[in-house]
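# A look at the structure
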Amino acid sequence: MKLEFKIITDLVEKNTRVLDVGCGDGTLMDFLKNNKKIDVRGIEISKNNVQKCVEKGLTVIEGDAEKDLIQFPDRSFDFVILSQTLQAFLNPEIVINELLRVGKKAIVTIPNFGFWKVRLQLLIKGTMPITKTLPDEWHNTPNLHMCSIKDFFNFCNNRKIKLDKSLALHNEKTSSISNINLNIKNLSAELGIFLIEK
Amino acid sequence: MNNINDIKKIIVDKPLKLDCGKIINNFPVAYETYGSLNAKKNNAILVFHALTGDQFVSGINPITKKDGWWSYAVGPEKAIDTNKYFVICANVMGGCMGSYGPSNIDPTTNKILGTNFPVITINDMVNAQYNLLDFFKIDQLFCVTGGSMGGMQVLQFVSNFPDKTKIAIPIACTASHSAQNIAFNELGRQSIMADANWVNGNYSNEKLNPDKGLSVARMAAHITYLSKNGLQEKFGRKLQERDDLKFSFDADFQIESYLRYQGSVFVDRFDANSYLYITRAMDYFDLIKQHHGNLSKAFAQSKTKFFVISFTSDWLYPTSENKDIVIALNAIGADVGFVEIESDKGHDSFLLNVPVFLDTLKNYINTSYLNN
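Residues numbered from 1 in each chain as written. Chains lettered and ligands numbered in written order. Predicted model: local features only at pLDDT ≥ 70, side-chain atom pairs only at ≥ 80, totals over all residues.

### Observations regarding the domain arrangement of chain B
Residues and elements named next belong to chain B. The condition that has to hold: How far each domain reaches was decided by an automatic or database domain assignment. We call two residues in contact when the distance between their C-beta atoms, placed using the backbone, is within 7 Å. When residues are grouped by polarity, Ala, Val, Leu, Ile, Met, Phe, Trp, Tyr, Cys and Pro land in nonpolar, Asp, Glu, Lys and Arg in charged, and all others, Gly among them, in polar.
Entries for chain B in the domain assignment read domain 1 (4-176 + 288-370) and domain 2 (182-279). Taking only C-alpha atoms, the centre of domain 1 and the centre of domain 2 are 26 Å apart. Contact residues are listed per partner, giving 25 residues for domain 1 and 20 residues for domain 2. Along the lines of polarity and charge, the residues of the side of domain 1 that touches domain 2 split into 10 nonpolar, 11 polar and 4 charged.

This is the structure we're talking about:
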């Protein structure tokens, strides 16, 4: 399993209720369920992925996080997870608000558009960057609202969203992000992982 | 077995109060089973049939000699694997395959009940079938499932008996019958009642049958079970065994001939009064109203795991109505999964060979049984 999922799993406490928003084929849910006795639910937009989740015996709802989170009551989950999907929503701010309404805490991961390789591609080649975490071309990417670690960090601070944990991931290594090293991490990390609460 | 009198049935001696207020006694519930009940009695699946179904889910129906109505889904190694599970299906109250219905004989007059049969509801049907659990001494079912009106019974079952099933799979259904669906049912009923041979429901006693009315009812309903695209693809404007239009009202088009055929075979196996009563029961179904406007309350006492399935081209019980059930369940933190299956076969998709649907059903049931 990819390191990102291992880090997310470490952030989630045992015996809790978790909602995985955009749960894909259920890899993370499966791991959470079997290793941390977590009562885990998923929302997934792709029919194909929903069926893969059902094969694994996971509880998944086919749906669109932007429309369907509304059905969950306030604070009905201990953690809500959003892995590398925030940038694909029409309105990421509404989604973040919904995550923090439905969950007591949320774990959000973002592909970092401030990563040096991303910046360099645009600067040198003058084309939209293509990297491991951003594999699509400009015309077929699902991403609508790319942001950097710094953007997300500032976004939370401006909205009084508490950043319980901010982690930078690069080359299979994680490190903490703080106000002091923010500019460096924004340059050196491929992925940002944030544990947030309102 | 090829006689309706050979059908398996239990006679329920506990009085049952119907929603209409009438109390019934010693009424029959006809049923069929497939597979065998294990020693722990934890592998029983109660299947509820739809409007025109019966208890003969799988294999050859001994009365009609046709395949059971859910043969694609139920049988050895199928989605509902009868090598593994004990499948029970009862003929609904109001039906015409051995359960208490309008074609029963009234012992006080020795005549067929006809419209003296009480108006029944989905709730009454479910309460009648519940007696099968006592009969088989099953404390808790593993699963209840069914499509269309069968799905409505699934919802009503969990609402009435919150701890009597581990999992529930309502398919292509609704928690509250829509105006459009009531309208289509009314069209069918009016068609039957407009047939002079219906004679106020007394046709059997007068050795008549409202074939024309019932077959038109079936034709109209059949259109609602299919999708526009499905019809267009299958029939288009193809002509029926002719090279050109005949400038008459014969069945020029294949779709006309197909519908006429569907109507004509239906009258051989279905009772017109049953059609009236069962469609009425569907129209009266409103689980939301039963719970004073809050569907979540229907399931609040239950720990049952739900899996809701809808179909993209089903416009009779559209995805939105199936999703309302999911929303109500999520509102109380119930364990509920949901998938909308891609299919151009309309509402009938759940009865047909739709591999993605059958695989999903199979996977859900089997993985739930593992965690049982």
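### A few points about the nonpolar core
Soluble, globular proteins show a tendency: their nonpolar side chains are buried together. How we decide: Connectivity within a nonpolar core runs through C-beta atoms within 7 Å, and the core itself is a set of buried Ala, Val, Leu, Ile, Met, Phe, Trp, Tyr and Cys residues. Any residue whose C-beta has 12 or fewer other C-beta atoms within 10 Å is treated as exposed, any with 20 or more as buried, and any in between as partly exposed, C-beta atoms being built from the backbone.
Counting residues in hydrophobic clusters, the biggest one holds 159 residues, and the most contacted among them are Val80(A), Ile45(B) and Val87(B). Excluding anything up to four places from it in sequence, Val87(B) contacts Thr33(B), Tyr34(B), Gly35(B), Ile45(B), Val47(B), Val57(B), Val74(B), Ile80(B) and Thr82(B).

### Some words on the interface of chain B and chain A
This is how it is decided: A run of H or I in DSSP becomes a helix once it reaches four residues, and a run of E becomes a strand once it reaches two; helices and strands are each numbered from the N terminus.
Across the contact, 20 residues belong to chain B and 14 residues belong to chain A. Elements that contribute at least two residues to the side of chain B that touches chain A include exactly helix 10 (319-330), strand 14 (336-341) and helix 11 (355-370) of chain B. Considering every element that reaches the side of chain B that touches chain A, the biggest residue donor is helix 11 of chain B, with 7 residues. Looking at the side of chain B that touches chain A residue by residue, the classes come out as 9 nonpolar, 8 polar and 3 charged.

### So, the packing of helix 3 (residues 179-194) of chain B against helix 7 (residues 272-284) of chain B
Residue and element names in this part refer to chain B. The test is simple: Every angle, taken between N-to-C directions, lies between 0 and 180 degrees, and every axis is a line fitted to C-alpha atoms, over only the stretch in contact when it is a helix. Relative orientations are named as follows: roughly parallel for angles under 35 degrees, roughly antiparallel for angles over 145 degrees, roughly perpendicular for angles from 65 to 115 degrees, and oblique for any other angle. When the near helix sits turned anticlockwise from the far one by under a right angle, the crossing is termed left-handed; a clockwise turn instead gives a right-handed crossing.
With their axes 10 Å apart at the nearest point, helix 3 and helix 7 run at an angle of 160 degrees to one another. When the axis of helix 3 is compared with that of helix 7, the two are roughly antiparallel. Crossing of helix 3 against helix 7: the hand is left-handed. Contacts between helix 3 and helix 7 pair Ile182, Asn185, Gly188, Arg189 and Ile192 from the former with Ala272, Tyr275, Leu276, Thr279, Met282 and Asp283 from the latter. In terms of residue class, the contact of helix 3 with helix 7 is built from 6 nonpolar, 3 polar and 2 charged.

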